[in-house]
Amino acid sequence: MAILDSVKAVHSDLLSTIAGVKLAGLAWALIAVFVLWSICAIIFDPLRSVPGPFLLRFTNLPVRLRLLKGTKAHYVHALHAKYGTNQVHSGPIVRVGPREVDVSDPAGAREIHGARSGFLKDPNFYFVAKGMESLRSVFSAIDPAFHAQRRRLLGPCFAEANMVNLEPTVLERARLAVVKMGEDLRVHGNTDVLKWWTLFAMDVISELCFGQSFHMLEVGKKTQYATDIAEMGAMLPLRGAFPWVISMAKYLPPRLFPFFHNVAMSRQRVVAYSKARMREYLQLVEHNPSAVKRTLFAHLVKGGTTGMGLSEEDVTVESQSYITAGTDTTAVTLTYLIYAVSRDEQVRKKLLEELRGLPDDFTDRHVRDLPYLNCVIEETLRVWGATQGAMPRIAPAQGTTLLGYRIPGGTVVSTQNYSIHKDPEAFPNPLVFDPSRWENPTKEAKAALMPFGIGPRNCLGLNLAKMELRLCSAMFFRAFPSAKLSYRAGMTDEEMQPEINFLLMPKGHRCLIEVEE
Ligand code: HEM
């Protein structure tokens, strides 16, 4: 019996020793494979000459996590400062992932975004979900032929010559926004300009798309539609950082993951609402054309139907994309313009002097060529323009050479205005808000300012946005010349620090302003 027991013990010792040896062997084998893979990744890495942190050769996780936190642009900018140049190549290009680089050189940006560059928008970022390609808008389209055709059709809607038709809506909504801010100031002693400019911008674009405003300025808060759009927007950082999570979302149980479920519901409501509004608008055009407000699509819509190759669904999808592209961009830029001017006495004084000469019922004709107002707008767009985050593009399949570096096909190549607009050669003292730099701008400064993007994918709404910026800022400072940041209700300077998830947003998501008695 005792012999049998000791045989069993020896046997089980042997088995556990063998298991231990096997496990250790497996662990060593895995380590060896990992080391081998790492060595191969380094040797055969086609981007190995691009400077950047060693870790980012293997993973872009640190960058993705910062995208979620709203600090990716700051991090990438710091990488440019650290690795941007070396003795072999000059030119700010850094690695931000195994197959991803960022370029902060204005000339490089022009090569990437220029016509016929071969670089296309990154579909992971511009949210074209599989099976939803038919819902492409001019914003999300990847295919250059489709995009060019759409842009040809829609270009006249946003052309300078059409602004005179859109101006009454902008003027009327801007006046109301300023009245509402005044009411807030009287009642509460301060007003949240970010809130009012957001309601303003969304009212304008809804009226220009559907012929009727959401009337959010009257109500003083966002409608369900606007809240739904914001809910969908909240998904963007996650979509940018971990697109696969979004693809998996539909398989997740709604009770355990309510966020995804809520976003899906928001999207359904937005689509249904947009369709209904567009239908109403087209019916009104059909039955009572003289009663219809002039919309962006006026010359595309004839007798209640859309024409020239755009279906009713196309126009609806386009409208949705304009509401997304044209709301926070304008509202945030206006908010920072007011913030920047309010805290600089010299700038304020000079701007007020110029605005003093305007008639009470001024229109865009009176403000469009005001030199200092335009300098203030340019400088706001440089330092605080809403689009400061990465605009990712995919390198052409055959690869290309950029700033002296070989870039293989399929590499994600981004530019971010947060860095380009701080180019010290183009903008001496780049961190200083100084509108006077635009009084006689250098060639380099002009070339490095790209708040509306450049090339064929630049901002379609540029003329509308600029008109909004001119009219709103002139109206605001004429109404509230002594405006300054309000520290009531716990507001701090820290809240105005920018958070960047593609768009820039003040950290506190508000900007309280008060006026001096
Ligand atoms: C201050 C306000 C605005 C700024 C700074 C701005 C900036 C930009 C930028 C940088 C892009 C290029 C994005 C990229 O390539 O990733 C863009 C595209 C676009 N923007 Fe704006 N935008 C503003 C206002 C507007 C407005 C009011 C609209 C109007 C409806 C609009 C509609 C669009 C559209 C449709 C595109 C896509 C164009 C295309 O791909 O062909 N934007 N914008």
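It should be emphasised that the depicted structure is a prediction, and the values quoted were computed from it without experimental measurement.

The rules behind these values
Residues numbered from 1 in each chain as written. Predicted model: local features only at pLDDT ≥ 70, side-chain atom pairs only at ≥ 80, totals over all residues. Heavy atoms only, no water. UniProt positions renumbered as here; feature names shortened; annotations may be inferred. Helix = DSSP H or I, 4+ residues; strand = E, 2+ residues; numbered from the N terminus. Buried < 20%, exposed > 50% of the residue type's maximum accessible area, 1.4 Å probe, protein only. Contact = heavy atoms within 4.5 Å. Pairing = 2+ DSSP bridges. Near = heavy atom within 4 Å. Polar contact = N/O pair within 3.5 Å; in protein donor to acceptor, adjacent residues only side chain to side chain. Nonpolar A, V, L, I, M, F, W, Y, C, P; charged D, E, K, R; others polar. Core = buried A, V, L, I, M, F, W, Y, C linked by side-chain atoms within 4.5 Å.

1. Some remarks on the UniProt feature "binding site: heme" (unreviewed entry) in the protein
Taken from the UniProt record, the annotation "binding site: heme" (unreviewed entry) applies to Cys 459. One can find Cys 459 in the loop between helix H19 (443-448) and helix H20 (462-479). On the basis of relative accessibility, which here comes to 29%, the residue Cys 459 falls in the partly exposed class. When near neighbours in sequence (up to four residues on either side) are disregarded, Cys 459 contacts Arg 151 and Phe 452.

2. A closer look at the pairing of strand S13 (residues 503-506)
Burial along S13 is two-sided: Leu 503 and Met 505 and Leu 504 and Pro 506, pointing in opposite directions, are all buried. Pairing geometry for strand S12 (residues 498-501) and S13, over four bridges, is antiparallel. Opposite Ile 500, over in S13, you have Leu 504 as the bridge partner. Following S12, the chain reverses through one residue before pairing antiparallel with S13; Phe 502 in that reversal takes a positive phi of roughly 65°.

3. Details of the site of the ligand
In the vicinity of the ligand lie 28 residues, with Tyr 126, His 147, Arg 151, Arg 393 and Cys 459 positioned nearest. Here His 147 contributes a side-chain N or O atom positioned 2.6 Å from an oxygen atom of the ligand. Between the ligand and the protein, one listed contact pairs an oxygen atom with a side-chain N or O atom of Arg 457 at 2.9 Å. Elements with a contribution of two residues or more to the shell around the ligand: helix H5 (144-154), helix H13 (312-326) and helix H14 (328-342). Grouping the constituent residues of the shell around the ligand by class yields 15 nonpolar, nine polar and four charged.

4. Some points on the nonpolar core
If you look at the biggest cluster of nonpolar residues, it comprises 111 residues, and the most contacted ones within it are Trp 197, Phe 200, Phe 297, Tyr 322 and Phe 476. Counting residues per element, this core draws most heavily on helix H7 (residues 193-210), at 13 residues. Sequence-distant contacts of Phe 476, that is, excluding residues within four places in its chain, are made with Val 178, Met 181, Val 193, Trp 197, Ile 338, Ala 483 and Ile 513. Core analysis: the second largest hydrophobic core is formed by 13 residues, Ala 395, Leu 403, Tyr 405 and Val 413 among them.

5. With respect to the environment of Arg 457
By the element assignment, Arg 457 lies in the loop between H19 and H20. In this structure Arg 457 touches Lys 121, Val 138, Phe 139, Ser 140, Ala 141, Ile 142, His 147, Arg 151 and Arg 393, once residues within four positions along its chain are discounted. In this structure the side chain of Arg 457 is engaged in a polar contact, spanning 2.8 Å, whose partner is the backbone oxygen of Ala 141.

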